[in-house]
Amino acid sequence: MCPLRTRPLLNQDTAVHVFFIWKINKWKHLHIIKMKVLRDTMELLSARGRSVWERMKASFWYEALKKKLPILVWLPRYSVKWLQMDLIAGMTVGLTVVPQALAYAEVAGLPVQYGLYSSFIGCFIYCLLGTSKDVTLGPTAIMSLLCASYIGHDPVQAVLLTFLCGFIQLVMAIMHLGFLLDFISYPVIKGFTSSAALTIGFGQVKNILGLHDIPQQFFLQFYYTFRNIYETRVGDLILGLTSIALLVVLKVMKDSLAPTDEDTAVVVKVCRMVVWFFATARNAFVVVAAALVAYACELSGTKVFTLTGKTTQGLPPFKPPQFYEDTGNESLPFSEMVKDLGGGLAVIPLMGLLESLAIAKVFASQNEYRIDSNQELLAIGVTNLLGSFFSAYPVTGSFGRTAVNSQTGVCTPAGGIVTGVIVLLSLAFLMPLFYYIPKAALAAVIICAVAPMFDYKVVKTLWKVKKLDLLPFLLTFFMCFWEIQYGIVAGIILSGFMLLYKVARPKLEVSDHGVLVIVLDSGLNFPSAEYLSDTLYRQALLVSRPRSVILDCRHVSSIDYTVVNEIQDLLQQFRLNKVSLIFSGLRIVILEVLLAADLKGLEHTESVEEALQSLSEHHIVQEHDQSLC
């Protein structure tokens, strides 16, 4: 008999863990003994009078599993009320995502069905792995625009890009590299999104006007749109402008709806609910209405509108992405495909993570809960990786659909399951009907979706708060019209230089108390070593009468070997000039570094006052010695 079974339980709260771990360590390679351990553990659990499930939930491995599968946090508490709210939110978002997905596929330069292929897998994956109840993953205007810059209207390249993006994002999540996103400053993000809004919006003008063969590049697009404006199709123009007007009116109606009181009449409540429903699902309403008008025109034999055209019917096949492409004349190997994607393998994963995390943080703060940033990286990485097996192009969090999800009162990520089912049903049964959707209606949906992204007020805010931050904003904004990746990289580099300049040139406050007192306001790292040394030389040593210096280091939190080496030279120069260099207010970690370097003549005090007193006493002693001489 096992000796532990005859011993009394020392601690009832930990008995099960001790018993289980002890047995596994003793017989960890024997399957039969493992089963015996499990049976004995079950007996102990029953003896405590608690269910096995409750004890398992309290175990350490279950807690660890909950961190990686957040669904285990909210699923045991799921209620009928939550189910009702999630159904309403999921259906509302589903009616929003279908027309947007079709439109965003146009932005990415892909057949419209690829927008739907990219819209459902994220709904199911995020339900398992996501930590925000509000976020919805899927195609967005910004990601579609970024993808269009690299895939060249090629679905094979798009799917491969999704696979590689997912792999990169997954590696970043595993290695906890999310901090890299912190180097993309707010002015750079705002410059990019504002430029992207104009690029995407103007890119749809050709569909509003019914023009064809317009280049993708922004400046060429601008030129050829106005050059060919005389070819405008009146039907497309009227439908496009009407769709935009209807979308704007419905949005204004929704924003102006006042909250209902308990005393409000039932008829008024019903009317408000109807207005709210049509205003929230306005994209689907406008697209369906435009498709019906186009279908009626087609039946009458008049081709008034430019239609979406034939689409592939049915669900996407489950297959791995192609790692080569047969172009007909030759086979393009994987290395060449990756080379064609180029900088997109850096820009798209980072921007996807940045957009999704930013949205998650906004709504977590608004609805008073917390998210796990690294878990969000994991969720989006897995979504893109698995999405590539369903012919998806890269996805991220959608601000517009997340806002709809939050406003309709979603309670858990389970609302995404309803949204995913609606997308799958659309793929299975509605694809033939998408033939009749006018491109002008989809263009109107896109223009109204990206218009709020253009934040003109940020210029005024940056001017008031810090004028220097306008530089990376403006550089990113204008460069993105040329090439998006160049704009983002240029903005990041400029922001980096501005940050490094602050590190290399820390602010030094110099005051005269008979001796020089210099206050350092930041860490001492190697870029600032030469600057500090030059300042001390000019202020204290290269003068007619060398002066002692007190360095107030209260705010210094870091130091490196380059600075320590520079301090050693400074101490020597101060000794040769028969003056003192005293460090005051050193933190323990900094003092330990300086003491470990065994600097000759190092003097340090707790405060500036103590240093001044020490120098005063030293001066009195010197005068006394001179008088004796």
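Higher on the page you've got the structure.
Residues numbered from 1 in each chain as written. Predicted model: local features only at pLDDT ≥ 70, side-chain atom pairs only at ≥ 80, totals over all residues. Heavy atoms only, no water.

Caption draft 1: Region of interest: the environment of Leu-211. As for its placement among the helices and strands, Leu-211 is situated in the loop between α12 (205-209) and α13 (218-227). Look at Leu-211 and you get buried, because its relative accessible area is 5%. Considering only alpha carbons, one finds Leu-211 and Ile-229, 18 residues apart in sequence, at a separation of 7.7 Å. (Helix = DSSP H or I, 4+ residues; strand = E, 2+ residues; numbered from the N terminus. Buried < 20%, exposed > 50% of the residue type's maximum accessible area, 1.4 Å probe, protein only.)

Caption draft 2: A look at the packing of helix α6 (residues 80-108) against helix α16 (residues 282-299). Running from N to C, α6 and α16 point in directions that differ by 55°, and their axes come no closer than 7 Å. Here α6 is positioned oblique relative to α16, judged by the angle of their axes. Crossing handedness for the pair α6 and α16: left-handed. Along the contact surface, α6 presents Leu-95, Thr-96, Pro-99 and Gln-100, while α16 presents Asn-283, Ala-284 and Val-287. Residues belonging to the contact of α6 with α16 are distributed by class as follows: four nonpolar, three polar and no charged. (Axes fitted to C-alpha atoms, helices over the stretch in contact; angles between N-to-C directions. Parallel < 35°, antiparallel > 145°, perpendicular 65-115°, else oblique. Left-handed = near helix turned anticlockwise from the far one by under 90°. Contact = heavy atoms within 4.5 Å. Nonpolar A, V, L, I, M, F, W, Y, C, P; charged D, E, K, R; others polar.)

Caption draft 3: Structural view of a nonpolar patch on the surface. A cluster of nonpolar residues, Leu-95, Leu-246, Val-266, Val-270, Val-274, Phe-277, Phe-278 and Phe-285, forms a patch on the protein surface that exposes about 650 Å² of accessible area. By residue number, the principal contributor to the nonpolar patch is helix α15 (residues 266-280), which donates five residues. (Patch = residues over 30% accessible without salt bridge, like charges linked within 9 Å, V, L, I, M, F, W, Y side chains within 5 Å. Areas by Shrake-Rupley, 256 points an atom, 1.4 Å probe, with all protein chains shown as cover. Salt bridge = Lys/Arg side-chain N within 4 Å of Asp/Glu carboxyl O.)

Caption draft 4: A look at the packing of aromatic side chains. Evaluated as defined, the whole model comprises 25 aromatic pairs. Ring geometry for Phe-278 against Phe-285: centres 5.4 Å apart, planes inclined by 80°, an arrangement best described as edge-to-face. On the basis of relative accessible area, Phe-278 is assigned to the partly exposed category, the value being 36%. Sitting over the face of the ring of Trp-463, Lys-467 holds its NZ or CZ atom 4.9 Å from the ring centroid. (Phe/Tyr/Trp six-rings, centres within 6.5 Å; stacked < 30°, edge-to-face > 60°. Lys NZ or Arg CZ within 6 Å of the ring centre and 35° of its normal.)

Caption draft 5: Expanded view of the side chain of Thr-476. As for its position among the elements, Thr-476 is in helix α24 (residues 470-482). Look past the residues within four positions of Thr-476 in its chain and what remains in contact with it is Val-188, Gly-191, Phe-192, Gly-487, Ile-488 and Gly-491.

Caption draft 6: How the structure looks around the environment of Lys-133. Relative to the helices and strands, Lys-133 is located in the loop between α8 (121-129) and β1 (137-138). Each C-alpha atom of the pair Lys-133 and Cys-411 lies 6.3 Å from the other, and the pair is 278 residues apart in sequence. Excluding its chain neighbours within four sequence positions, the residues that come into contact with Lys-133 are Asn-367, Tyr-369, Asn-405, Val-410, Cys-411, Thr-412 and Pro-413. Within polar-contact distance, the side chain of Lys-133 engages the backbone oxygen of Val-410 at 3.1 Å. (Polar contact = N/O pair within 3.5 Å; in protein donor to acceptor, adjacent residues only side chain to side chain.)

Caption draft 7: Local environment of the pattern of salt bridges. For the structure on display, the rule yields seven salt bridges. A salt bridge links Lys-133 to Asp-134, with the shortest nitrogen-to-oxygen separation between them at 2.9 Å. Measuring nitrogen to oxygen at the nearest pair gives 2.9 Å for the salt bridge that ties Arg-554 to Asp-552.

Caption draft 8: How the structure looks around helix α19 (residues 373-387). Counted at 1.5 Å a residue, the expected span for α19 with its 15 residues is 21 Å, and the 21 Å between its end C-alpha atoms agrees. Counting buried residues in α19 gives 13 out of 15 residues, a clear majority hidden from the surface. Here α19 starts with a cap whose side-chain oxygen sits 3.2 Å from the backbone nitrogen of Asn-374, and that cap is Asp-372. (Expected span 1.5 Å × (residues − 1).)

Spatial relationships are all this shows, so hold off on functional conclusions.
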